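Here's the letter readout for the chains.
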Amino acid sequence: MPVLYHERQQSALCGQHCLNNLLQGPYFTEVDLAQIAQQLDAREAALMMENGVDDETRRFLARGSQNVGDDGNFSVQVLATALQGLELTLEDTRRPEARVAIRKPHFEQGFILHRQAHWYAVRKVDGLWWQINSTQPLPEQMTEAHLSATLAQLVADNWTVFVVRGKLPAPTPPSADALASNWVDTARPAADRLQDGGAGGAPAEPKKPSFVAFTGAGQTLGGGPAAAAAGAAAMSEEQQLAVALALSDELALTQRLERRLPAEPPEGVAAARVLVRMPDGARASRKFAAEATLQSLVDFVLVQLAAGGHSAHHASGRWQLSSQYPALKLAFSSRTACMENSEHEALTFASAGLAPSAQLHLAAA
C-alpha cells in the first residue's frame, strides 16, 4: 500500500488542497493561487473594457474578484491555470469529447470534482485509485468499477467532474518542506487519522445519497434534490414520462448543436471574439469567423446553457442576447434553437457589428 500525500481542510482552501492532493505533493501555496487569481482578474477586466466602460462593465468591476473569494475559495480558472504550468489540463466531462472518461476511467490518471464551494481529487497511484478529500480523515481506495459508478452518481447529484489530462508527476516522498502529517501510510495510518473529521475537527463531506430519479439542480425549478424527489413522487406515470421525454429531447437538440457548431477560425482569418455573460454571472468566450451567421452564436449559447443546466430551469425556453454597443437584441428559443426575428437569420458577426470583438448579456426573455 502506498504512502500518500493528503492535505486536510483549512479554512476554505479546498482548491489548494485538491491540487496538492492530486499532484501528491506540496506544489501550491495559498499565495501562489492568489497571484494567479489576480492575474486572471486583470485579464478579464481588460477584456471587458476593450470596447469602453459601460454600465455592465462597471457592475462587473464593482463585484471584485471572480476568481478568489474573501474566504480563500478559488475558481476553476485558477486551478486550471495552475495545472497548465505543469503541462496538465482540465477537461469538463460534460463536453462530448470527455464524457467517455466517466464510463471508462481506467484510461485516465486523475479527476477533480467540484460542487458549490468544495473541491477534491481522485488519483491513480501505483495502479490503484484513491479518493483524496481534504474533509476526510484518510484517502479512500476505490476499484475501477466503484470509481465509474461513483463518478456517474456524482454527476447525477450535480457535481462537476473534470478529467485531468497530461502526465501527472510521481508522488513526492515525505520531506522537511511540508507538514509531516500530510503524508499517510495507507497500510498503517496514524491514530489521529482514524478519528472522524480530519484536522481541526473539520466536518467530513456528507455521504452521497443514493440516486433518485429527476434529482439534480439541472432538472428542477427550485428546492434542490429533496424537492425534486418529492415532485417526481407526486407525478402520475404519464407526467413522469412527459418530463423524461422533454429532457431527452433537450439532450438530443444539444448534441445536434454541438455537432454543427463550426470550429474556431485559425489565425489570419477575419474573426469576432465574443464574450457572453451567462445568467449565473459566469462568462463564456469564443471566437467565430466574421462572416459566420449569428445562428452560430445562438448554437454556442444553447450548448453553454445545457452544460450549466439553465435551459431546464426556464419554463418558456425564451432567451435574449443583448448588446449595448452595437445595439442588438437577439431573441431565440432554447427548444428549437430558432431566432424569433427572421431578419436576424441573415446577419453575420461582421454585418451585426460584433467583429472584431463584442460583449453580450444573456437573460431569460
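Please read these numbers as outputs of a predicted model, since none were measured by experiment. (Residues numbered from 1 in each chain as written. Predicted model: local features only at pLDDT ≥ 70, side-chain atom pairs only at ≥ 80, totals over all residues. Heavy atoms only, no water.)

Things to note about helix H1 (residues 14–23)
Thinking step 1. For H1, the tally of buried residues reaches 10 of 10 residues, placing the bulk of the element in the interior.
Thinking step 2. Buried residues of H1: Cys14, Gly15, Gln16, His17, Cys18, Leu19, Asn20, Asn21, Leu22 and Leu23, and no others.
Thinking step 3. Just downstream of H1 lies Gln24, where phi reads positive at about 60°. (Buried < 20%, exposed > 50% of the residue type's maximum accessible area, 1.4 Å probe, protein only. Helix = DSSP H or I, 4+ residues; strand = E, 2+ residues; numbered from the N terminus.)

With respect to the sheet that holds strand E10 (residues 283–289)
Thinking step 1. Pairing within the open sheet is mixed, and its five strands lie in the order E10-E9-E13-E11-E12. Looking along the sheet, the strands with just one partner apiece sit at the ends: E10 and strand E12 (328–333). Geometrically, the sheet is characterised by an average inter-axis angle of 25° between neighbouring strands, direction not taken into account.
Thinking step 2. For strand E11 (residues 318–323) and E12, the ladder comprises six bridges, and the chain directions are antiparallel. From the neighbouring strand, Trp319 faces E12, where its bridge partner is Phe332. (Pairing = 2+ DSSP bridges. Axes fitted to C-alpha atoms, helices over the stretch in contact; angles between N-to-C directions.)

Notes on the sheet that holds strand E5 (residues 128–132)
Thinking step 1. Taken in spatial order, the six strands make up an open sheet running E2-E7-E3-E4-E5-E6, and their pairing is antiparallel. Among the strands making up the open sheet, the edge pair consists of strand E2 (89–92) and strand E6 (140–142). Averaged over all pairs of adjacent strands, the angle between strand axes in this sheet comes to 25°, irrespective of strand direction.
Thinking step 2. Sheet topology places E5 next to E6; three bridges connect them, and they run antiparallel. By the bridge assignment, Trp129 is partnered in E6 with Met142.
Thinking step 3. Strands in contact with H1 are strand E3 (110–115), strand E4 (118–125), E5 and strand E7 (160–165); relative to E4, the strand with the most contacts, it is inclined by about 5°. (Contact = heavy atoms within 4.5 Å.)

Side note on the confidence of the model for the protein
Thinking step 1. When the pLDDT values of the protein are averaged, the result is 79; 74% of them are 70 or greater.
Thinking step 2. At the level of individual helices and strands, the protein shows its lowest average pLDDT in helix H7 (residues 224–234), which scores 42, and its highest in E5, which scores 96.
Thinking step 3. Throughout residues 196–233 the model reports pLDDT below 50, and contacts reaching past four residues in sequence, or to other chains, amount to 56 contacts.
Thinking step 4. Low pLDDT, under 50, characterises residues 239–248; the stretch is placed with nine contacts to residues that sit more than four places away or in other chains. (pLDDT = per-residue confidence, 0-100.)

Observations regarding the nonpolar core
Within soluble globular proteins, side chains that are nonpolar tend to cluster in buried spots.
Thinking step 1. Counting residues in hydrophobic clusters, the biggest one holds 31 residues, and the most contacted among them are Leu297, Val301, Leu321, Phe332, Phe349 and Leu362.
Thinking step 2. Looking at which element gives the most residues to this core, the answer is helix H9 (residues 295–308), with seven residues.
Thinking step 3. When neighbours within four sequence positions are excluded, Leu362 is seen to be in contact with Val276, Arg277, Met278, Pro279, Val301, Leu305, Trp319, Gln320, Leu321 and Phe332.
Thinking step 4. Membership of the second largest hydrophobic core comes to 25 residues, among which are Leu22, Leu83, Leu88 and Leu168. (Core = buried A, V, L, I, M, F, W, Y, C linked by side-chain atoms within 4.5 Å.)

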